[in-house]
Amino acid sequence: MKELNMSISAQPAKPADGLKLPSAMKALSAHRVAASLIFFLIFPWLMPYQSVAINILIYGLFAVGFNLLFGYTGLLSFGHAAFLGVGAYTAGILIAQHQFAWWLAIPAAVVLSCVVALVMGLLAIRTRGIYFAMVTLALSQCVYFLVYQLPASGGENGLRGVNVADISLFGLKVNLLDPTQKYYFVLGFVALALWLLSRILASPFGGVIEAIRENEARARACGFNIERTKLLAFVLSAAFCGLAGALNAIHLSSVPIETLHYATSGMVVMLCLLGGMGTYFGPFVGAALFLLIQDQASAWTEHWQLIVGAVFVFFVLFFPKGVWGTFLERASRER
């Protein structure tokens, strides 16, 4: 009888009807790349127009790179505009002035963004907290003025002539002048980046950076090389941002100098906080909220920044973990 009771108690209880949501969330988490891709396949048809959907993809990818450093590693950077800008200018200059093919310009942009991040990281990574944020801001401004002084960059007028009208991809002609085709072209790179991010987070390296975020002293006591791990996270973060910059240059057919401005670094912090830092899909939620509010508010008034600022304050007060982060937290409480 005792053994029978033990075997009965060891059987898992059947889930109640109210527990379907957490089960669904577990399934989505287990297949997060596929779930994200399925959503993005129909996403442009949910937006007012496709160009907004393209911007959300690109700036969401930019926020993904920042989130890897801020949300998962716990390092607040105010210099990520440098990586977005370096990626954009590298791809733009190679395409517009040296007639490089797009499939060579994009990897070159990612590589150069990683090189710039390596140099910046070696100088900034030993600082902590607000000092790290200030050092990255200062170094980012150095990159801004270096690029500004380059004759090839176009100075305050920015870079023009990044024209990629159509491409041949696996025997298929893709017309990048068509917004829908351009969206799915960009989505291909975003899907690859999301798969890579998922692999990073599921690897032992992903566990180490989260351990550093939670308790750096304990992670160091466990024998991990904290400085090397932070530097690698910094460089990987820049790779995602550089890819977003290259895609943005092709999307706009130009590179404005504001891409490198510190305001762009501040914007990506806002995107991460709006969506939910340390969440897989949160950066895209933040990018969608910010860009949609900006698009609608700018149609009403030229002082749209006031509306965006007020909405941001509202979400920070009532959704302290971001919209997506708060949704995940409340879903987990339903168990």
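Just so you know, these numbers come straight off a predicted model, no measurement behind them.

Parameters and conventions
- Residues numbered from 1 in each chain as written.
- Predicted model: local features only at pLDDT ≥ 70, side-chain atom pairs only at ≥ 80, totals over all residues.
- Heavy atoms only, no water.
- Helix = DSSP H or I, 4+ residues; strand = E, 2+ residues; numbered from the N terminus.
- Buried < 20%, exposed > 50% of the residue type's maximum accessible area, 1.4 Å probe, protein only.
- Contact = heavy atoms within 4.5 Å.
- Phe/Tyr/Trp six-rings, centres within 6.5 Å; stacked < 30°, edge-to-face > 60°.
- Lys NZ or Arg CZ within 6 Å of the ring centre and 35° of its normal.
- Disulfide = S-S within 2.5 Å.
- Core = buried A, V, L, I, M, F, W, Y, C linked by side-chain atoms within 4.5 Å.
- Salt bridge = Lys/Arg side-chain N within 4 Å of Asp/Glu carboxyl O.
- pLDDT = per-residue confidence, 0-100.
- Pairing = 2+ DSSP bridges.

Undergrad: Give a detailed account of the overall build of the protein chain, specifying residues and quantitative values.
TA: Looking only at helices and strands, one finds 15 helices and four strands in the protein chain. In terms of overall dimensions, the protein chain has C-alpha extents of about 85 × 45 × 45 Å along its principal axes. The burial tally for the protein chain puts 47% of its 335 residues in the buried class. Partitioning the intrachain contacts of the protein chain with sequence separation of at least 6 by distance along the chain shows that 75% fall at a separation of at least 24.

Undergrad: Please give an account of the side chain of Q50 that cites residues and values.
TA: Note that Q50 resides in helix α4 (residues 50–70). Judged by relative accessible area, Q50 falls into the buried class, the value being 19%. Here Q50 is in contact with P44, W45, P179 and T180, once residues within four sequence places are set aside.

Undergrad: Outline unusual backbone geometry, listing residues and values.
TA: Here the phi dihedral of Q99 falls at roughly 55°; this positive angle occurs in a residue that is not glycine. Summarising the element assignment, Q99 is placed in the loop between α5 (81–98) and α6 (102–124). For S253, which is not glycine, the phi torsion reads 60° and is therefore positive. Its place among the elements puts S253 in the loop between α11 (226–252) and β4 (254–255).

Undergrad: Please give an account of the environment of F62 that cites residues and values.
TA: Along the chain, F62 falls in helix α4. Residues F62 and F284 lie 222 residues apart in sequence; the distance between their C-alpha atoms is 9.3 Å. Leaving out residues up to four positions away in the same chain, F62 has contacts with H80, A81, L84, C241, A244, T264 and V268.

Undergrad: Quick rundown of the side chain of Q141? Include the residues and the values.
TA: On the secondary structure map, Q141 appears in helix α7 (residues 129–149). Judged by its relative accessible area of 18%, Q141 is buried.

Undergrad: Could you give me a rundown of the packing of aromatic side chains, with the residues and numbers involved?
TA: The tally for this structure, following the rule as stated, stands at 22 aromatic pairs. Ring centres of F66 and F70 lie 5.3 Å apart, and the angle between their planes is 45°; on these two criteria the pair is classed as tilted. Remark: F70 and F66 occur in helix α4; sequence separation between them is four residues, near one turn of the helix. When its relative accessible area of 0% is taken as the criterion, F66 is described as buried. Considering the side-chain rings of F315 and F319, the 5.4 Å spacing of their centres and the 50° angle between planes classify their relative orientation as tilted. What makes F319 partly exposed here is its relative accessible area of 21%. In this structure an aromatic cluster arises from ring pairing among F39, F40, F43, F281, F284, W324 and F327. Across the ring face of Y280, the terminal group of R32 is positioned such that the distance to the ring centre comes to 4.8 Å.

Undergrad: So what's going on with the state of the cysteines? Which residues, and what values?
TA: Counted under the stated rule, the structure contains zero disulfides. This cysteine, C241, is not joined by any disulfide, and C272 carries the nearest cysteine sulfur, 9.7 Å off. Relative accessible area serves as the criterion here: at 0%, C241 is assigned to the buried category.

Undergrad: I'd like to hear about the nonpolar core, residue by residue, with values.
TA: Membership of the largest hydrophobic core comes to 99 residues, with the highest contact counts inside it found for F40 and F83. If you tally residues by element for this core, the top one is α4, at 15 residues. Not counting residues within four places of it along the chain, the set of residues in contact with F40 comprises L57, Y183, L187, L194, F281 and F284.

Undergrad: Kindly report on the pattern of salt bridges, identifying the contributing residues and their values.
TA: Counting across every chain of the model gives seven salt bridges. In this structure, the salt-bridge partner of E216 is R128, at a minimum N-O distance of 3.4 Å. Remark: R128 occurs in the loop between α6 and α7 and E216 occurs in helix α10 (residues 216–221); sequence separation between them is 88 residues. E210 is paired through a salt bridge with R213; the nearest N and O atoms lie 3.4 Å apart. Placement of the pair is E210 and R213 together in helix α9 (residues 204–214), with a separation of three residues, close to one helical turn. Using a relative accessible area of 27% as the deciding quantity, one classes E210 as partly exposed.

Undergrad: Give me the lowdown on the confidence of the model for the protein chain, citing residues and values where you can.
TA: Mean pLDDT over the protein chain works out to 89, with 92% of the residues at or above the 70 mark. Counted against residues more than four places away or in other chains, residues 1–20, with its pLDDT under 50, gives three contacts.

Undergrad: Describe in detail the pairing of strand β3 (residues 172–175), supporting the description with residues and values.
TA: Taken together, the four bridges between strand β2 (residues 166–169) and β3 define a ladder with antiparallel strand orientation. Bridging from a neighbouring strand, I167 pairs with V174 of β3.

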